[in-house]
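Next come the chains, spelled out residue by residue.
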Number of protein chains: 2
Amino acid sequence: MLPLESVPNFSEGRDRPTIAAIGDALARHARLLDIHADEDHNRSVFTIVGSAEEIVDALLAGTAVAMERIDLRRHEGVHPRIGAADVVPVVAIRPQDADRARDTARIAAERMGDELGLPVFLYAELADGRTPAFFRRGGPDELQRRIDDGELAPDFGPTRLDPAVGGVIVGARRPLIAFNVNLAGRDVDAAKSIACAIRERDGGFPGVRALGLDLPRAGHAQISMNVEDWEASSLHAIVEAVEREAAERGVEVSGTELVGMMPAGAALAAAGQVLRIDGFAASRVLELQLLE
Amino acid sequence: MLPLESVPNFSEGRDRPTIAAIGDALARHARLLDIHADEDHNRSVFTIVGSAEEIVDALLAGTAVAMERIDLRRHEGVHPRIGAADVVPVVAIRPQDADRARDTARIAAERMGDELGLPVFLYAELADGRTPAFFRRGGPDELQRRIDDGELAPDFGPTRLDPAVGGVIVGARRPLIAFNVNLAGRDVDAAKSIACAIRERDGGFPGVRALGLDLPRAGHAQISMNVEDWEASSLHAIVEAVEREAAERGVEVSGTELVGMMPAGAALAAAGQVLRIDGFAASRVLELQLLE
């Protein structure tokens, strides 16, 4: 049986002691594979794997540390968020583990509400595909207004957001790829318009969500993406499209950035294309066969 | 502990019952991951994994079946060979298993000599890097002449080659990639000249061995390669070079073909290039981390 994965996103990408403290808390219970901290996003993405119990314990411990150490009232960053622990997905690495991932996310959500006193909102597979963006628009204040107006309610925990820690979005989903393309220079209008051209919402690639962002600390504009279905929309086709759209706008792609980890299949699809091997897949990669 | 791999090559790529019988014999002892049979090469490459004991037992059983069912006197194919079981490498999937792979290959070699009465020639890491080509040039008759002249001697088994089964080349080596690039059309001169341009022997890529072949059954010419050090010579750079060399000669690359399996690292290097992710490696691929 493969472990489950979780990729909690916390609203701190600058203060190294806080990032380390969250990492330590997660690592006390589950295996910590990766930390991706971004100063402009002011956000860190942790990748952990473990059993259902390990994942739940790690998420509770990491979220408790984030609640202690992060104050949203002093938080500013280019990535939208509604909480110190902003979004907490539990991921089935293989489709056959989807039920286990959903159960695990639900248990974590309930315990965050009960034990940490945090307003918890279910998303993705636990809430008919509702997205984090649904909760984030307008930020924590707008979310509180919508709760007060009865437009929505937390699934667990109190109905009042603590302004310092906000709420948390918890759910289960398939593996996705968080992938950023960086432009040379700070033409954020170009980044926003390229994001429009490629994202599903505006007629682009299925399952691709994209934002154009200005990263003042890094000194460049960025197309920040979630590729939710890498089988429907291959990463190499997306990179190619971004490069083409950028060229049309007279801007240059300076590089790309993978946030956290990538499912092997997405990497192999890209390799198969450049190596011209038809149907190249995990069945042809030695180490991946050893997992079976 | 990861299993060992072995990739025995047998001189039969056409007779399905023989290929299946060899596969069955291997699979009775080890895990059979892949069979790659080629009618023009008239050769089949099997990929197995298992413990040292499983690998030895599988190789003995598969070779015994090949000796029963293959008659080299009636064998013709475009790939050079000196035996029914032609070359039998044992592969350490990770560097730390190299000693175990060498020990396993030596045990298999000794038992093939003693129990199967087959002249066994050590190669690669068991024979100071000696290559299969060293034994194959001129075929089994020339090999017998060199034995009779005292130029070389089998490491195990008799000094006389049975004309029906020949000898076997056994050794341990790092993972390599057996990779063929197919041309549109049968311009074998172009294939040979492209092979020259890219192989190490003639000043091309380090660790790349290449032959230009005419495949009458498939109806096209082919550059058949072994990429022995995919870290020194990346597969995507080789494919790019072959495409360029082909274009210069006015021929077209119709596709490529992976023989057997590929180490994950080689696929990720290609993916990292097309996706423009600097230093993309196994550490960023979820499933590969689960192997650790």
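Predicted, not measured: the structure shown is a model, and the values here were computed from it.

Trainee: Help me understand the overall build of chain A, please; the structure alone is not making it clear to me.
Mentor: Looking only at helices and strands, one finds nine helices and eleven strands in chain A. Relative to the compact-globule value of 19 Å for 292 residues, chain A shows a C-alpha radius of gyration of 19 Å, a close match. For the C-alpha atoms alone, the extent of chain A along its principal axes is close to 55 × 45 × 35 Å. The long-range fraction of contacts in chain A, counting pairs at least 24 apart against all pairs at least 6 apart in sequence, stands at 72%.

Trainee: Honestly, the domain arrangement of chain A in this entry has me stumped. Any pointers?
Mentor: The figure often quoted for interface size is the accessible area lost as the parts come together. Residues and elements named next belong to chain A. Here chain A is described as being made up of domain 1 (4-173), domain 2 (177-261) and domain 3 (263-292). With centres defined by C-alpha atoms, the gap from domain 1 to domain 2 works out at 24 Å. Counting residues at the interface gives nine residues for domain 1, matched by ten residues for domain 2. Taken together, the elements giving at least two residues each to the side of domain 1 that touches domain 2 come down to β3 (31-38) and β4 (43-50). Counting residues per element, the side of domain 1 that touches domain 2 draws most heavily on β3, which supplies three residues. Split into classes, the residues belonging to the side of domain 1 that touches domain 2 amount to four nonpolar, two polar and three charged.

Trainee: Please clarify how the relation of the copies chain A and chain B should be interpreted in this entry.
Mentor: Two copies of a chain can be linked by a rotation about an axis combined with a shift along that same axis. Rotating chain A by 180° and moving it 0.0 Å along the rotation axis overlays it on chain B with an RMSD of 0.0 Å. Both copies are brought into coincidence by an operation consistent with a two-fold rotation axis. If distances are taken from each C-alpha of chain A to the rotation axis, the shortest is found for A271(A), at 2.2 Å. Counting the interface residues of chain A, we find that 100% of their copies in chain B are interface residues as well, pointing to one common contact surface.

Trainee: Sorry, what's going on with the interface of chain A and chain B here?
Mentor: At the interface, 35 residues of chain A touch 35 residues of chain B. Mapped onto the side of chain A that touches chain B, the elements with two or more residues apiece are α7 (235-248), β11 (253-259), α8 (264-275) and α9 (286-290) of chain A. Among the residues making up the side of chain A that touches chain B, the classes are represented as 25 nonpolar, five polar and five charged.

Trainee: Would you take a moment to explain the sheet that holds β11(A) for this structure?
Mentor: All names here are of chain A. If you walk across this open sheet you meet the four strands as β9-β10-β8-β11, and the pairing is antiparallel. Edge positions in the sheet fall to β9 (208-215) and β11, since each of these pairs with one other strand and no more. Across the sheet, the mean angle separating the axes of adjacent strands is 20° when strand polarity is ignored. Of the strand pairs in this sheet, β9 and strand β10 (residues 220-227) are connected by eight bridges, and their pairing is antiparallel.

Trainee: Looking at this model, I keep getting lost on the confidence of the model for chain A. Mind explaining?
Mentor: Should the pLDDT be low somewhere, the predicted coordinates at that spot are not to be read in detail. Looking at chain A as a whole, its pLDDT mean stands at 95, while 100% of the residues score no less than 70. As scored by the predictor, the complex reaches a pTM of 0.85 and an ipTM of 0.85.

Trainee: Just to check I follow, could you spell out α7(A) for this structure?
Mentor: Taking 1.5 Å as the rise per residue, α7(A) with 14 residues should run 20 Å; its terminal C-alpha atoms sit 20 Å apart, in good agreement. Residues L235(A), H236(A), I238(A), V239(A), V242(A), E245(A) and A246(A) constitute the buried set of α7(A).

Trainee: What is the right way to read the packing of helix α1 (residues 16-27) of chain B against helix α2 (residues 52-69) of chain B from this model?
Mentor: The angle between the axes and the distance between the axes are what describe a pair of packed helices. Residue and element names in this part refer to chain B. Direction vectors running N to C along α1 and α2 enclose 155°, while the axes themselves pass 7 Å from each other. The angle between the axes of α1 and α2 places the two elements in the roughly antiparallel class. The handedness of the crossing between α1 and α2 comes out as right-handed. Counted together, T18, A21, I22, A25 and L26 of α1 and A58, A61, G62, V65, A66 and R69 of α2 form the full contact between these two elements. Taken together, the residues of the contact of α1 with α2 break down into eight nonpolar, two polar and one charged.

Trainee: Help me out: how do you make sense of the environment of G166(B) in this one?
Mentor: Residue and element names in this part refer to chain B. For G166, the location among the structural elements is in the loop between α5 (139-148) and β7 (168-173). Using a count of 28 C-beta atoms within 10 Å as the deciding quantity, one classes G166 as buried. Separated by 26 residues in the primary sequence, G166 and P140 have C-alpha atoms spaced 6.2 Å apart. Leave out the neighbours within four places in its chain, and G166 touches L72, I82, G83, A84, P140 and L161.

Trainee: Explain unusual backbone geometry here, please?
Mentor: Working note: non-glycine residues mostly have negative phi, and peptide bonds are mostly trans. All names here are of chain B. With a phi angle near 55°, A124 is a residue other than glycine that sits in the positive phi range. Of note in the backbone geometry, R276 takes a positive phi value of approximately 60° without being a glycine. Residue placement: R276 occurs in the loop between α8 (264-275) and α9 (286-289).

Trainee: Just checking my understanding: could you explain α8(A) for this structure?
Mentor: Given 3.6 residues per turn, any residue in an α-helix points the same way as the ones three and four places further on. Residues and elements named next belong to chain A. Over its twelve residues, α8 runs 16 Å from end to end, which matches the ideal 16 Å to within 8%, given 1.5 Å per residue. Burial analysis of α8 places ten of its twelve residues in the buried class, the great majority of the element. Of the residues one or two after α8, R276 is the one with positive phi, at around 60°.

Trainee: Got a minute to help me understand the sheet that holds strand β11 (residues 253-259) of chain B in this structure?
Mentor: Neighbouring strands of a sheet are bound in pairs by backbone hydrogen bonds; such pairs are parallel or else antiparallel. Residue and element names in this part refer to chain B. Reading across the sheet, the four strands line up as β9-β10-β8-β11 and stay open at both edges, with antiparallel pairing between neighbours. Looking at which strands have only one partner, the edges of the open sheet turn out to be β9 (208-215) and β11. The average angle at which neighbouring strand axes cross in this sheet is 20°, direction not considered. Those strands touched by helix α6 (residues 188-198) are β8 (177-183), β9 and β10 (220-227), and its axis lies near 180° from that of β9.

Trainee: Could you clarify how one ought to interpret the environment of P95(B) in this entry?
Mentor: Relative to the assigned elements, P95(B) resides in the loop between β5 (85-91) and α3 (98-116). With 78 residues separating them along the chain, P95(B) and R173(B) place their C-alpha atoms 10.0 Å apart.

Trainee: Hey, could you run me through the pairing of strand β5 (residues 85-91) of chain A in this one?
Mentor: Side chains on a regular strand alternate between the two faces of the sheet. Residues and elements named next belong to chain A. Of all seven residues making up β5, seven are buried, and the element is well covered by its neighbours. Examined bridge by bridge, strand β1 (residues 4-6) and β5 share two bridges and lie antiparallel to one another. Bridging across to β5, S6 finds its partner in V90. Where strand β2 (residues 9-10) meets β5, two bridges bridge the pair, whose relative direction is antiparallel. Following the sheet pairing, F10 is matched in β5 by A85. By the bridge criterion, five bridges tie β5 to strand β7 (residues 168-173) in an arrangement that is parallel. Counted as the bridge partner of V88 is V170 from β7.

Conventions used here
Residues numbered from 1 in each chain as written. Chains lettered and ligands numbered in written order. Predicted model: local features only at pLDDT ≥ 70, side-chain atom pairs only at ≥ 80, totals over all residues. Helix = DSSP H or I, 4+ residues; strand = E, 2+ residues; numbered from the N terminus. Rg over C-alpha atoms; globule rule 2.2 N^0.38 Å. Contact = placed C-beta atoms within 7 Å. Domains from an automatic or database assignment. Nonpolar A, V, L, I, M, F, W, Y, C, P; charged D, E, K, R; others polar. Least-squares fit on C-alpha atoms with pLDDT ≥ 70 in both. Pairing = 2+ DSSP bridges. Axes fitted to C-alpha atoms, helices over the stretch in contact; angles between N-to-C directions. pLDDT = per-residue confidence, 0-100. Expected span 1.5 Å × (residues − 1). Buried ≥ 20, exposed ≤ 12 C-beta atoms within 10 Å, placed from the backbone. Parallel < 35°, antiparallel > 145°, perpendicular 65-115°, else oblique. Left-handed = near helix turned anticlockwise from the far one by under 90°.

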